[in-house]
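Chain and residue survey
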Amino acid sequence: MTKPLRLGIAGLGTVGAGVVKIVRQKAALLEARGGRSITISAVSARNRAKDRGVSLDSYDWEDDPVALAQRDDIDVFVELVGGSDGPAKAATEAALRAGKDVVTANKALLAHHGQDLAIAAEAAGAVLRFEAAVAGGIPVVKALTEGLAGNDITRVMGVMNGTCNYILTRMETAGLTYDEAFAEADGLGYLEADPNLDVGGIDAGHKLSLLASIAFGTQVAFDAVELEGIGRVSIEDIRQAADMGYKVKLLGVCQMTGRGLEQRMSPCLVPATSPLGQLDGGTNMIVIEGDQVGQIVMRGAGAGEGPTASAVMGDVLDIARGTRISTFGQPAAGLEMTKPAQTATPAPYYLRLALLDKPGALAKVAAVLGDAGVSINRMRQRSHDQNTAPVLIVTHKTTRAALDEALAAMVGTNVVEGEPVALRIEQV
Ligand code: HSE
């Protein structure tokens, strides 16, 4: 009889408890699919006394995840502790050194140390898998490393942080301010302990950097992600964008260009009728474009007990079956150093300005844009009673550098009040 696959689970929060439940409740299904039974030898968490809604009595307890990672009676170390360093990193390294396979949901750990950990895994003959780290229940890592492996990937895009999408959706549909929508998300328990991981775009940037590595065969380079959060998105922009047929999304985009690897995570406008534009609430969507397959759209829950535990178990079952895939889809030593594209691919931009209502003001703005080589596609000035007129401009495709030159020059015209808002319009 084939030996059971024995897990050691570190971290018993929502996801850890979800994994324990699946192992307990679906034993027959897991054994049938994995070809061997899946068991839990030992677990570890900070608080032993906490009620997690599932019995842990039959498992050994370790206070120290590093000790758990090295136990002789585990084959797979399941790391659900979180955090880019500290115990999660120490225990993952210890597990790999001991030759254990590792399954993790930890995007921060891999975004910062993915290359070193992948090399450590290969040196030890172990595998390190991380499906649950990106977009929760959506099996996008598997899609890129396996199902789409015969493609040159041309672009990967996505909404990868459900909390931000929830906040933006509530601003749009309920007319809440950013602060009100943030408070609502907080009340629902959506925000990470450090909310800036969500609203600052960092969590989503971690995920994007991992997908970019698989898609383009490059070493993970989170530091090269151009990052902007949603804190400056206003209701006014969401309304104006909607009026012109767009939605505002915290959108991740990575693509290989002649200038190097472009990785961006920032608020963008997308057509309201596109799949990304129609993604409301706390869900995630990943769009993959390959030279052979065309465009693939995957949508689903990006967080939560069931979806994230589902992704962890997908990796565990692969290991049970004997499927051994390199962490980023190819041996880590062969991943190229990432050369970051210093500038984003040209795109149309949405501009919102408060223009002093006096003769010639609009002409000055148009001249400044023209001088920088930025061409206007659409323009709208709303009727108004104040001294400043709200003006919206959609440009033709332009570089960010040309746009920045025009925005800087606008200050000198003395006809624009405050700072203009500029949002990229992504062609999706
Ligand atoms: N906080 C994330 C989100 C889930 O809101 O999507 C974990 O990465």
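Residues numbered from 1 in each chain as written. Predicted model: local features only at pLDDT ≥ 70, side-chain atom pairs only at ≥ 80, totals over all residues. Heavy atoms only, no water.

Counting its secondary structure elements, the chain contains 14 helices and 16 strands. Relative to its length of 428 residues, the chain is compact, with a C-alpha radius of gyration of 24 Å against a globular reference of 22 Å. With respect to the principal axes defined by its C-alpha atoms, the chain has extents near 85 × 45 × 35 Å. Residue burial in the chain is summarised as follows: out of 428 residues, 54% are buried. Across the chain, contacts joining residues at least 24 apart in sequence account for 73% of those joining residues at least 6 apart. On the chain, roughly 17700 Å² of surface is accessible, and the fraction owed to carbon and sulfur atoms is 49%. The chain carries 40 positive and 50 negative side-chain charges, and their two centres are separated by 4 Å. (Helix = DSSP H or I, 4+ residues; strand = E, 2+ residues; numbered from the N terminus. Rg over C-alpha atoms; globule rule 2.2 N^0.38 Å. Buried < 20%, exposed > 50% of the residue type's maximum accessible area, 1.4 Å probe, protein only. Contact = heavy atoms within 4.5 Å. Areas by Shrake-Rupley, 256 points an atom, 1.4 Å probe, with all protein chains shown as cover. Lys, Arg positive; Asp, Glu negative; His and termini not counted. Charge placed at Lys NZ, Arg CZ, Asp CG, Glu CD.)

Here the focus is the sheet that holds strand 5 (residues 101–104). Taken together, the six strands give an open sheet; going across it, the order is 3-2-1-4-5-6, and neighbouring strands pair in parallel fashion. The outermost strands of the open sheet, each flanked by one partner alone, are strand 3 (60–62) and strand 6 (128–129). The pairing of strand 5 with strand 6 spans two bridges and is classified as parallel. Pairing of Val 103 across the sheet is with Arg 129, part of strand 6. (Pairing = 2+ DSSP bridges.)

This part takes up the packing of aromatic side chains. If you walk through the whole model with that rule in mind, you get three aromatic pairs. Aromatic pair Phe 130 and Phe 328: ring centres 5.4 Å apart, planes at 50°, arrangement tilted. With Phe 130 in the loop between strand 6 and helix 6 (140–147) and Phe 328 in the loop between helix 12 (305–321) and strand 13 (349–356), the pair connects residues that are 198 residues apart, well separated along the chain. Overall, the relative accessible area of 0% leaves Phe 130 in the buried class. Ring centres of Tyr 166 and Tyr 190 lie 5.0 Å apart, and the angle between their planes is 85°; this geometry places the pair in the edge-to-face category. A residue pair is termed long-range when its members are at least 10 positions apart, and Tyr 166 in helix 7 (residues 162–174) and Tyr 190 in the loop between helix 8 (178–187) and helix 9 (195–199) qualify at 24 residues. With relative accessibility at 13%, the residue Tyr 166 sits in the buried group. (Phe/Tyr/Trp six-rings, centres within 6.5 Å; stacked < 30°, edge-to-face > 60°.)

Here we take up the site of the ligand. Residues in contact with the ligand, as listed here, are Lys 107, Asn 161, Gly 162, Thr 163, Glu 192, Asp 198, Asp 203, Lys 207 and Ala 303. Between the ligand and Asp 203, the relevant distance is 2.7 Å, taken from an oxygen atom to a side-chain nitrogen or oxygen of the residue. Expressed as a share of its isolated accessible area of 260 Å², the protein-covered part of the ligand is 90%. Listed by contribution, the elements that provide at least two residues to the shell around the ligand are helix 7 and helix 10 (202–216). (Near = heavy atom within 4 Å. Polar contact = N/O pair within 3.5 Å; in protein donor to acceptor, adjacent residues only side chain to side chain.)

Our focus in this paragraph is helix 4 (residues 86–97). Along an α-helix, a turn takes 3.6 residues, which lines up residues three or four apart on a common side. Taking 1.5 Å of rise per residue, the twelve residues of helix 4 would be expected to cover 16 Å, and the 17 Å separating its terminal C-alpha atoms lies within 8% of that figure. Those residues of helix 4 that fall on the buried side of the exposure criterion are Ala 88, Ala 91, Thr 92, Ala 94, Ala 95 and Leu 96. On its buried face, helix 4 sits against helix 3 (65–69), strand 4 (76–79), strand 5 and helix 5 (107–124). Immediately beyond the C-terminal end of helix 4, within one or two residues, lies Gly 99, with a positive phi of roughly 80°. (Expected span 1.5 Å × (residues − 1).)

Examined at the domain level, the chain breaks down into domain 1 (5–133), domain 2 (148–300) and domain 3 (349–425). The gap between the C-alpha centroids of domain 1 and domain 2 is 28 Å. Counting residues at the interface gives eight residues for domain 1, matched by nine residues for domain 2. Summed over both partners, the interface of domain 1 with domain 2 comes to about 750 Å²; 70% of that surface belongs to carbon and sulfur atoms. The largest share of the area that domain 1 buries against domain 2 comes from Lys 107, Ala 111 and Gln 115, three residues that together contribute 56% of it. Connecting domain 1 to domain 2 are zero salt bridges. Our count for the domain 1 to domain 2 interface comes out at one residue pair in polar contact (both at pLDDT 80 or more). In terms of residue class, the side of domain 1 that touches domain 2 is made up of five nonpolar, two polar and one charged. (Domains from an automatic or database assignment. Buried area = accessible area lost by both parts, 1.4 Å probe. Salt bridge = Lys/Arg side-chain N within 4 Å of Asp/Glu carboxyl O. Nonpolar A, V, L, I, M, F, W, Y, C, P; charged D, E, K, R; others polar.)

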